[in-house]
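A closer look at the structure
Listed below are the residues making up each chain.
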Amino acid sequence: MRAPRRTAHLRADGTPALARDAFLADVLGGLSRPQKAIPSRWLYDARGSRLFQWITNLPAYYPTRVERELLSACAPDVAARLEGRPCTVVDLGAGDGHKTAVLLRALAARVPALTYAPVDVSAAALAEACARAAEAVPGAAARPVRAIYAEALRRLGPGAPGEARLVLFLGSSIGNLEHAEAAAFLARLRRALGPGDHALVGFDLVKPLDVLRRAYDDPQGVTAAFNLNLLARANRELSADFDLAAFRHRATWDPGRPAMESWLESARDQAVHLGGRTLRLAAGERIHTEISCKYRPAQVAAFAAEAGFEAAARFTDARGWFCDALWRVGG
Ligand code: AVJ
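Below is a short write-up of the structure. Treat the numbers as computed from the prediction; the structure is a model and nothing was measured. (Residues numbered from 1 in each chain as written. Predicted model: local features only at pLDDT ≥ 70, side-chain atom pairs only at ≥ 80, totals over all residues. Heavy atoms only, no water.)

Counting its regular elements, the chain contains 10 helices and 13 strands. Over its C-alpha trace the chain gives a radius of gyration of 21 Å, about what one expects of a compact globule, namely 20 Å for 331 residues. Overall size of the chain, expressed as C-alpha extent along the three principal axes, is 65 × 50 × 35 Å. Evaluated residue by residue, the chain yields a buried proportion of 50% over its 331 residues. Within the chain, residue pairs in contact and separated by at least 24 positions form 71% of the contacts whose partners lie at least 6 positions apart. In the structure as shown, the chain presents an accessible area of about 15100 Å², 55% of it carried by carbon and sulfur atoms. Placing the 43 positive and 35 negative side-chain charges of the chain at their respective mean positions leaves the two points 3 Å apart. (Helix = DSSP H or I, 4+ residues; strand = E, 2+ residues; numbered from the N terminus. Rg over C-alpha atoms; globule rule 2.2 N^0.38 Å. Buried < 20%, exposed > 50% of the residue type's maximum accessible area, 1.4 Å probe, protein only. Contact = heavy atoms within 4.5 Å. Areas by Shrake-Rupley, 256 points an atom, 1.4 Å probe, with all protein chains shown as cover. Lys, Arg positive; Asp, Glu negative; His and termini not counted. Charge placed at Lys NZ, Arg CZ, Asp CG, Glu CD.)

Packing of helix α7 (residues 179-192) against helix α10 (residues 297-307) leaves a shortest axis separation of 8 Å and a crossing angle of 50°. By the angle between their directions, the pair α7 and α10 is classed as oblique. The handedness of the crossing between α7 and α10 comes out as right-handed. Facing His179, Ala182, Ala183, Leu186, Ala187 and Arg190 of α7, the residues of α10 in contact are Gln299, Phe303, Glu306 and Ala307. For the contact of α7 with α10, a count of residues per class yields six nonpolar, two polar and two charged. (Axes fitted to C-alpha atoms, helices over the stretch in contact; angles between N-to-C directions. Parallel < 35°, antiparallel > 145°, perpendicular 65-115°, else oblique. Left-handed = near helix turned anticlockwise from the far one by under 90°. Nonpolar A, V, L, I, M, F, W, Y, C, P; charged D, E, K, R; others polar.)

Our focus in this paragraph is the site of the ligand. Taken together, the neighbourhood of the ligand is formed by Tyr44, Phe52, Tyr61, Gly171, Ser172, Asn176, Tyr216, Thr223, Phe226, Glu290 and Ser292. Within the side chain of Tyr216, an N or O atom sits 2.5 Å from an oxygen atom of the ligand. Here an oxygen atom of the ligand sits 2.6 Å away from a polar atom, N or O, in the side chain of Ser292. Only α9 (222-238) and β11 (286-293) provide two or more residues apiece to the shell around the ligand. Looking at side-chain class alone, the shell around the ligand contains five nonpolar, five polar and one charged residues. (Near = heavy atom within 4 Å. Polar contact = N/O pair within 3.5 Å; in protein donor to acceptor, adjacent residues only side chain to side chain.)

Attention now moves to the sheet that holds strand β7 (residues 247-254). In sheet architecture, strand pairing relies on hydrogen bonds along the backbone and comes in two forms, parallel and antiparallel. Strands sit in the order β7-β8-β11 across an open sheet of three strands; the sheet is antiparallel. Of all strands in the sheet, those with a lone pairing partner are β7 and β11, marking the two edges. Neighbour-to-neighbour, the strand axes of the sheet open up by a mean angle of 20°, direction not taken into account. Seen against the sheet, helix α8 (residues 209-216) touches β7, β8 (259-266) and β11 and runs at an angle of roughly 150° to β7. (Pairing = 2+ DSSP bridges.)

Before going further, it helps to examine the pairing of strand β5 (residues 164-169). When you tally the buried positions in β5, you get six out of six residues, the bulk of the element. Burial of the side chains of β5 extends over both faces: Ala164, Leu166 and Leu168 are buried on one face and Arg165, Val167 and Phe169 on the other. Pairing geometry for strand β1 (residues 87-92) and β5, over five bridges, is parallel. In the strand pairing of β5, Thr88 is matched with Arg165. With four bridges joining them, β5 and strand β6 (residues 198-204) adopt parallel strand pairing.

This structure, assessed with the given rule, holds 20 salt bridges. Among the ionic pairs, Glu178 bridges to Arg257, the shortest N-O distance being 2.6 Å. Of this pair, Glu178 sits in the loop between β5 and α7 while Arg257 sits in the loop between β7 and β8, and the two are 79 residues apart along the sequence. One salt bridge connects Lys294 with Asp204, and the closest N-O pair in it is separated by 2.7 Å. In this pair, Lys294 is assigned in the loop between β11 and α10 and Asp204 in strand β6, connecting sequence segments 90 residues apart. For Lys294, a relative accessible area of 3% translates into the label buried. For Asp204, a relative accessible area of 0% puts it in the buried group. A single network of salt bridges, built from pairs that share partners, joins Glu178, Asp254, Arg257 and Glu261. (Salt bridge = Lys/Arg side-chain N within 4 Å of Asp/Glu carboxyl O.)

Listed below in C-alpha coordinates is the structure:
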(Lines give C-alpha, C1' and ligand atoms only; values in the text may rest on other atoms or scores of the structure.)
Protein backbone atom coordinates (compact mmCIF):
# COMPACT_ATOMS: atom_id res chain seq x y z
CA MET A 1 0.00 0.00 0.00
CA ARG A 2 1.26 3.46 -0.81
CA ALA A 3 0.96 6.27 1.71
CA PRO A 4 -1.28 9.05 0.42
CA ARG A 5 0.69 11.99 -0.89
CA ARG A 6 -0.30 15.27 0.61
CA THR A 7 1.33 17.76 -1.69
CA ALA A 8 0.51 18.26 -5.34
CA HIS A 9 3.72 18.63 -7.31
CA LEU A 10 3.51 20.47 -10.58
CA ARG A 11 4.51 18.63 -13.72
CA ALA A 12 6.36 20.25 -16.59
CA ASP A 13 3.05 21.22 -18.21
CA GLY A 14 1.86 22.89 -15.00
CA THR A 15 -0.76 20.24 -14.14
CA PRO A 16 -0.76 19.09 -10.51
CA ALA A 17 0.46 15.48 -10.48
CA LEU A 18 -2.28 14.28 -8.14
CA ALA A 19 -5.02 15.69 -10.34
CA ARG A 20 -3.35 14.15 -13.38
CA ASP A 21 -3.17 10.72 -11.74
CA ALA A 22 -6.82 10.94 -10.73
CA PHE A 23 -7.84 12.05 -14.24
CA LEU A 24 -5.86 9.19 -15.82
CA ALA A 25 -7.44 6.67 -13.44
CA ASP A 26 -10.94 8.01 -14.16
CA VAL A 27 -10.46 7.94 -17.94
CA LEU A 28 -8.84 4.50 -18.02
CA GLY A 29 -11.36 3.05 -15.56
CA GLY A 30 -14.30 4.74 -17.22
CA LEU A 31 -13.38 3.58 -20.72
CA SER A 32 -12.83 0.00 -19.56
CA ARG A 33 -16.42 -0.46 -18.41
CA PRO A 34 -19.15 -1.98 -20.63
CA GLN A 35 -20.93 1.41 -20.63
CA LYS A 36 -18.06 3.79 -21.17
CA ALA A 37 -18.17 6.93 -19.04
CA ILE A 38 -15.92 9.78 -17.87
CA PRO A 39 -16.98 11.70 -14.72
CA SER A 40 -18.32 15.16 -15.54
CA ARG A 41 -16.05 16.99 -13.08
CA TRP A 42 -13.22 16.70 -15.61
CA LEU A 43 -15.16 18.94 -18.00
CA TYR A 44 -14.14 21.99 -15.98
CA ASP A 45 -10.51 22.80 -16.67
CA ALA A 46 -9.68 26.42 -17.54
CA ARG A 47 -10.85 25.96 -21.13
CA GLY A 48 -13.96 24.00 -20.10
CA SER A 49 -14.91 26.70 -17.62
CA ARG A 50 -14.56 29.36 -20.32
CA LEU A 51 -16.71 27.29 -22.70
CA PHE A 52 -19.34 26.82 -20.00
CA GLN A 53 -19.31 30.58 -19.39
CA TRP A 54 -19.99 31.01 -23.10
CA ILE A 55 -22.85 28.49 -22.91
CA THR A 56 -24.50 30.55 -20.16
CA ASN A 57 -24.73 33.47 -22.58
CA LEU A 58 -26.29 31.48 -25.45
CA PRO A 59 -29.93 32.24 -26.31
CA ALA A 60 -30.64 28.48 -26.30
CA TYR A 61 -29.29 27.97 -22.77
CA TYR A 62 -32.30 29.27 -20.82
CA PRO A 63 -31.25 28.35 -17.22
CA THR A 64 -28.86 31.25 -16.63
CA ARG A 65 -31.16 33.86 -18.14
CA VAL A 66 -34.25 32.63 -16.31
CA GLU A 67 -32.46 32.33 -12.98
CA ARG A 68 -30.96 35.81 -13.31
CA GLU A 69 -34.45 37.25 -13.77
CA LEU A 70 -35.75 35.19 -10.84
CA LEU A 71 -33.01 36.45 -8.54
CA SER A 72 -33.57 40.08 -9.50
CA ALA A 73 -37.20 39.63 -8.52
CA CYS A 74 -36.60 37.71 -5.28
CA ALA A 75 -33.47 39.47 -3.95
CA PRO A 76 -35.42 41.94 -1.76
CA ASP A 77 -37.42 39.07 -0.27
CA VAL A 78 -34.26 37.07 0.52
CA ALA A 79 -32.58 40.16 1.99
CA ALA A 80 -35.61 40.92 4.19
CA ARG A 81 -35.20 37.56 5.93
CA LEU A 82 -31.63 38.38 6.94
CA GLU A 83 -32.41 41.98 7.85
CA GLY A 84 -30.40 43.62 10.60
CA ARG A 85 -27.78 40.90 11.14
CA PRO A 86 -24.18 40.89 9.86
CA CYS A 87 -24.27 38.52 6.92
CA THR A 88 -21.79 36.16 5.22
CA VAL A 89 -22.68 34.97 1.72
CA VAL A 90 -20.96 31.70 0.81
CA ASP A 91 -21.10 31.31 -2.97
CA LEU A 92 -20.57 27.73 -4.17
CA GLY A 93 -19.75 28.38 -7.84
CA ALA A 94 -19.90 32.10 -8.52
CA GLY A 95 -20.02 31.83 -12.32
CA ASP A 96 -19.58 35.24 -13.91
CA GLY A 97 -20.92 36.90 -10.76
CA HIS A 98 -23.93 38.63 -12.38
CA LYS A 99 -26.47 36.68 -10.41
CA THR A 100 -24.61 37.10 -7.13
CA ALA A 101 -24.22 40.86 -7.63
CA VAL A 102 -28.00 41.34 -7.61
CA LEU A 103 -28.29 39.54 -4.28
CA LEU A 104 -25.31 41.31 -2.71
CA ARG A 105 -26.71 44.73 -3.59
CA ALA A 106 -30.09 43.88 -2.06
CA LEU A 107 -28.41 42.54 1.08
CA ALA A 108 -26.06 45.51 1.45
CA ALA A 109 -29.07 47.79 1.77
CA ARG A 110 -30.42 45.84 4.75
CA VAL A 111 -27.57 44.33 6.77
CA PRO A 112 -24.98 46.16 8.92
CA ALA A 113 -21.97 44.21 7.57
CA LEU A 114 -21.56 41.99 4.53
CA THR A 115 -18.86 39.37 3.88
CA TYR A 116 -18.60 37.65 0.52
CA ALA A 117 -17.01 34.17 0.49
CA PRO A 118 -16.84 32.71 -3.02
CA VAL A 119 -15.75 29.06 -3.28
CA ASP A 120 -13.92 27.70 -6.30
CA VAL A 121 -10.93 25.52 -7.15
CA SER A 122 -9.65 28.12 -9.58
CA ALA A 123 -7.73 31.10 -8.19
CA ALA A 124 -8.60 33.09 -11.32
CA ALA A 125 -12.34 32.47 -10.82
CA LEU A 126 -12.06 33.55 -7.17
CA ALA A 127 -10.24 36.75 -8.07
CA GLU A 128 -12.88 37.58 -10.67
CA ALA A 129 -15.75 36.81 -8.27
CA CYS A 130 -14.20 39.07 -5.61
CA ALA A 131 -13.62 41.87 -8.10
CA ARG A 132 -17.24 41.71 -9.26
CA ALA A 133 -18.52 41.69 -5.70
CA ALA A 134 -16.35 44.70 -4.82
CA GLU A 135 -17.80 46.48 -7.84
CA ALA A 136 -21.38 45.65 -6.79
CA VAL A 137 -20.87 46.44 -3.10
CA PRO A 138 -17.70 48.45 -2.42
CA GLY A 139 -18.08 48.06 1.37
CA ALA A 140 -18.26 44.25 1.40
CA ALA A 141 -15.41 42.21 2.89
CA ALA A 142 -14.06 39.42 0.66
CA ARG A 143 -13.05 36.02 2.01
CA PRO A 144 -12.34 33.74 -0.98
CA VAL A 145 -12.07 30.00 -0.31
CA ARG A 146 -10.00 27.92 -2.74
CA ALA A 147 -11.41 24.44 -2.32
CA ILE A 148 -13.87 21.93 -3.69
CA TYR A 149 -17.41 22.43 -2.35
CA ALA A 150 -17.34 19.55 0.15
CA GLU A 151 -14.04 20.78 1.61
CA ALA A 152 -15.36 24.35 1.86
CA LEU A 153 -18.37 23.08 3.84
CA ARG A 154 -16.06 21.18 6.19
CA ARG A 155 -14.06 24.35 6.79
CA LEU A 156 -17.07 26.59 7.33
CA GLY A 157 -17.11 26.25 11.13
CA PRO A 158 -19.71 27.88 13.37
CA GLY A 159 -20.92 31.34 12.42
CA ALA A 160 -20.08 34.34 14.58
CA PRO A 161 -22.72 35.09 17.25
CA GLY A 162 -25.62 37.02 15.72
CA GLU A 163 -24.32 36.46 12.21
CA ALA A 164 -26.63 35.27 9.43
CA ARG A 165 -25.15 33.01 6.80
CA LEU A 166 -26.53 32.51 3.32
CA VAL A 167 -25.11 29.71 1.17
CA LEU A 168 -25.72 30.01 -2.57
CA PHE A 169 -25.75 26.91 -4.76
CA LEU A 170 -27.18 28.36 -7.95
CA GLY A 171 -27.46 27.45 -11.62
CA SER A 172 -28.73 23.92 -11.00
CA SER A 173 -25.14 22.79 -10.40
CA ILE A 174 -26.80 20.16 -8.25
CA GLY A 175 -28.15 18.61 -11.46
CA ASN A 176 -24.74 17.12 -12.24
CA LEU A 177 -25.11 14.85 -9.21
CA GLU A 178 -26.93 11.55 -9.06
CA HIS A 179 -29.97 11.70 -6.81
CA ALA A 180 -28.29 9.99 -3.82
CA GLU A 181 -25.18 12.20 -4.18
CA ALA A 182 -27.35 15.30 -4.30
CA ALA A 183 -29.23 14.25 -1.16
CA ALA A 184 -25.94 13.53 0.64
CA PHE A 185 -24.51 16.88 -0.41
CA LEU A 186 -27.58 18.77 0.84
CA ALA A 187 -27.43 16.88 4.16
CA ARG A 188 -23.77 17.93 4.52
CA LEU A 189 -24.74 21.50 3.70
CA ARG A 190 -27.44 21.42 6.38
CA ARG A 191 -24.99 20.05 8.98
CA ALA A 192 -22.45 22.77 8.15
CA LEU A 193 -25.02 25.46 9.01
CA GLY A 194 -26.59 26.55 12.28
CA PRO A 195 -29.97 27.88 13.45
CA GLY A 196 -31.17 30.89 11.43
CA ASP A 197 -28.77 30.26 8.52
CA HIS A 198 -30.19 30.00 5.00
CA ALA A 199 -29.40 28.25 1.72
CA LEU A 200 -30.60 29.35 -1.71
CA VAL A 201 -30.48 26.42 -4.12
CA GLY A 202 -31.22 26.52 -7.86
CA PHE A 203 -33.14 23.65 -9.48
CA ASP A 204 -33.80 23.34 -13.20
CA LEU A 205 -37.34 22.04 -13.68
CA VAL A 206 -38.86 19.52 -16.10
CA LYS A 207 -40.07 21.36 -19.23
CA PRO A 208 -40.93 20.78 -22.90
CA LEU A 209 -38.41 18.51 -24.56
CA ASP A 210 -37.65 20.80 -27.53
CA VAL A 211 -36.48 23.50 -25.11
CA LEU A 212 -34.23 21.03 -23.30
CA ARG A 213 -32.76 19.64 -26.51
CA ARG A 214 -31.82 23.06 -27.83
CA ALA A 215 -30.25 24.00 -24.50
CA TYR A 216 -28.03 20.91 -24.44
CA ASP A 217 -27.25 20.77 -28.16
CA ASP A 218 -27.21 24.41 -29.17
CA PRO A 219 -27.20 25.42 -32.84
CA GLN A 220 -23.89 27.28 -32.45
CA GLY A 221 -22.13 24.11 -31.31
CA VAL A 222 -20.71 25.58 -28.12
CA THR A 223 -22.08 22.73 -26.00
CA ALA A 224 -20.50 20.26 -28.43
CA ALA A 225 -17.15 22.05 -28.04
CA PHE A 226 -17.59 22.01 -24.24
CA ASN A 227 -18.19 18.26 -24.25
CA LEU A 228 -15.41 17.48 -26.76
CA ASN A 229 -12.99 19.49 -24.61
CA LEU A 230 -13.00 16.49 -22.27
CA LEU A 231 -11.15 14.46 -24.92
CA ALA A 232 -8.98 17.44 -25.88
CA ARG A 233 -8.04 17.73 -22.21
CA ALA A 234 -7.10 14.04 -22.11
CA ASN A 235 -4.88 14.64 -25.13
CA ARG A 236 -3.27 17.67 -23.47
CA GLU A 237 -2.83 16.31 -19.96
CA LEU A 238 -2.59 12.55 -20.44
CA SER A 239 -0.90 12.48 -23.85
CA ALA A 240 -3.86 10.52 -25.19
CA ASP A 241 -4.51 10.47 -28.95
CA PHE A 242 -8.28 10.97 -29.24
CA ASP A 243 -9.15 12.06 -32.78
CA LEU A 244 -11.63 14.84 -32.00
CA ALA A 245 -13.03 14.76 -35.53
CA ALA A 246 -14.11 11.15 -34.96
CA PHE A 247 -16.47 11.97 -32.06
CA ARG A 248 -19.89 13.66 -32.04
CA HIS A 249 -21.66 15.39 -29.18
CA ARG A 250 -25.05 13.85 -28.35
CA ALA A 251 -27.67 15.07 -25.88
CA THR A 252 -30.48 12.68 -24.93
CA TRP A 253 -33.45 12.79 -22.59
CA ASP A 254 -33.88 10.12 -19.93
CA PRO A 255 -37.48 10.43 -18.69
CA GLY A 256 -36.78 7.97 -15.87
CA ARG A 257 -34.34 10.11 -13.91
CA PRO A 258 -35.47 12.61 -15.34
CA ALA A 259 -32.35 14.19 -16.88
CA MET A 260 -30.66 15.40 -20.00
CA GLU A 261 -27.57 13.32 -20.61
CA SER A 262 -24.46 14.18 -22.60
CA TRP A 263 -22.44 11.69 -24.58
CA LEU A 264 -19.50 11.55 -26.96
CA GLU A 265 -20.30 9.17 -29.79
CA SER A 266 -17.62 7.45 -31.81
CA ALA A 267 -18.15 8.11 -35.53
CA ARG A 268 -16.25 4.96 -36.53
CA ASP A 269 -14.43 1.91 -35.18
CA GLN A 270 -11.30 3.29 -33.62
CA ALA A 271 -8.51 2.73 -31.13
CA VAL A 272 -7.25 5.27 -28.62
CA HIS A 273 -3.95 5.10 -26.78
CA LEU A 274 -3.30 6.45 -23.30
CA GLY A 275 -1.36 5.47 -20.20
CA GLY A 276 0.31 2.64 -22.11
CA ARG A 277 -3.06 1.08 -22.94
CA THR A 278 -5.09 0.68 -26.10
CA LEU A 279 -8.84 1.26 -25.82
CA ARG A 280 -11.27 0.40 -28.60
CA LEU A 281 -14.52 2.07 -29.56
CA ALA A 282 -17.02 0.70 -32.06
CA ALA A 283 -18.81 2.92 -34.58
CA GLY A 284 -21.80 4.47 -32.79
CA GLU A 285 -20.53 3.56 -29.32
CA ARG A 286 -21.03 6.31 -26.75
CA ILE A 287 -19.04 7.63 -23.80
CA HIS A 288 -21.31 9.03 -21.09
CA THR A 289 -20.01 12.41 -19.89
CA GLU A 290 -22.70 14.25 -17.93
CA ILE A 291 -26.15 14.16 -16.39
CA SER A 292 -28.16 17.35 -15.97
CA CYS A 293 -31.08 16.34 -13.76
CA LYS A 294 -34.41 18.11 -14.14
CA TYR A 295 -36.75 18.34 -11.17
CA ARG A 296 -40.42 18.53 -10.31
CA PRO A 297 -41.47 20.98 -7.58
CA ALA A 298 -42.41 18.09 -5.27
CA GLN A 299 -38.85 16.77 -5.57
CA VAL A 300 -37.45 20.14 -4.52
CA ALA A 301 -39.63 20.07 -1.39
CA ALA A 302 -38.61 16.47 -0.67
CA PHE A 303 -34.89 17.38 -0.87
CA ALA A 304 -35.40 20.15 1.71
CA ALA A 305 -37.27 17.89 4.13
CA GLU A 306 -34.86 15.00 3.69
CA ALA A 307 -31.85 17.22 4.43
CA GLY A 308 -33.54 18.72 7.49
CA PHE A 309 -34.19 22.24 6.18
CA GLU A 310 -37.35 24.30 6.60
CA ALA A 311 -38.64 25.49 3.22
CA ALA A 312 -38.78 29.27 3.67
CA ALA A 313 -39.74 30.38 0.15
CA ARG A 314 -39.77 29.15 -3.42
CA PHE A 315 -39.21 31.43 -6.39
CA THR A 316 -40.32 30.22 -9.81
CA ASP A 317 -40.75 31.99 -13.15
CA ALA A 318 -44.20 32.23 -14.78
CA ARG A 319 -43.49 29.33 -17.16
CA GLY A 320 -42.24 27.11 -14.34
CA TRP A 321 -38.87 26.52 -15.98
CA PHE A 322 -36.57 27.13 -13.05
CA CYS A 323 -36.81 27.31 -9.30
CA ASP A 324 -34.69 28.92 -6.60
CA ALA A 325 -35.55 27.40 -3.25
CA LEU A 326 -34.78 29.35 -0.06
CA TRP A 327 -34.25 27.00 2.87
CA ARG A 328 -33.74 27.83 6.52
CA VAL A 329 -32.18 26.00 9.41
CA GLY A 330 -34.76 26.00 12.21
CA GLY A 331 -34.24 26.64 15.90
C1 AVJ B 1 -23.19 23.62 -14.78
C2 AVJ B 1 -24.24 21.56 -14.38
C3 AVJ B 1 -25.54 23.55 -14.40
O4 AVJ B 1 -26.02 20.81 -16.54
O5 AVJ B 1 -26.92 22.64 -17.26
C6 AVJ B 1 -24.47 23.00 -19.61
C7 AVJ B 1 -23.55 22.18 -17.33
N8 AVJ B 1 -23.60 21.04 -19.57
N9 AVJ B 1 -24.53 22.47 -20.85
C10 AVJ B 1 -25.97 22.01 -16.81
C11 AVJ B 1 -23.87 22.08 -18.79
C12 AVJ B 1 -24.01 21.29 -20.82
C13 AVJ B 1 -24.67 22.77 -16.52
N14 AVJ B 1 -24.40 22.85 -15.05
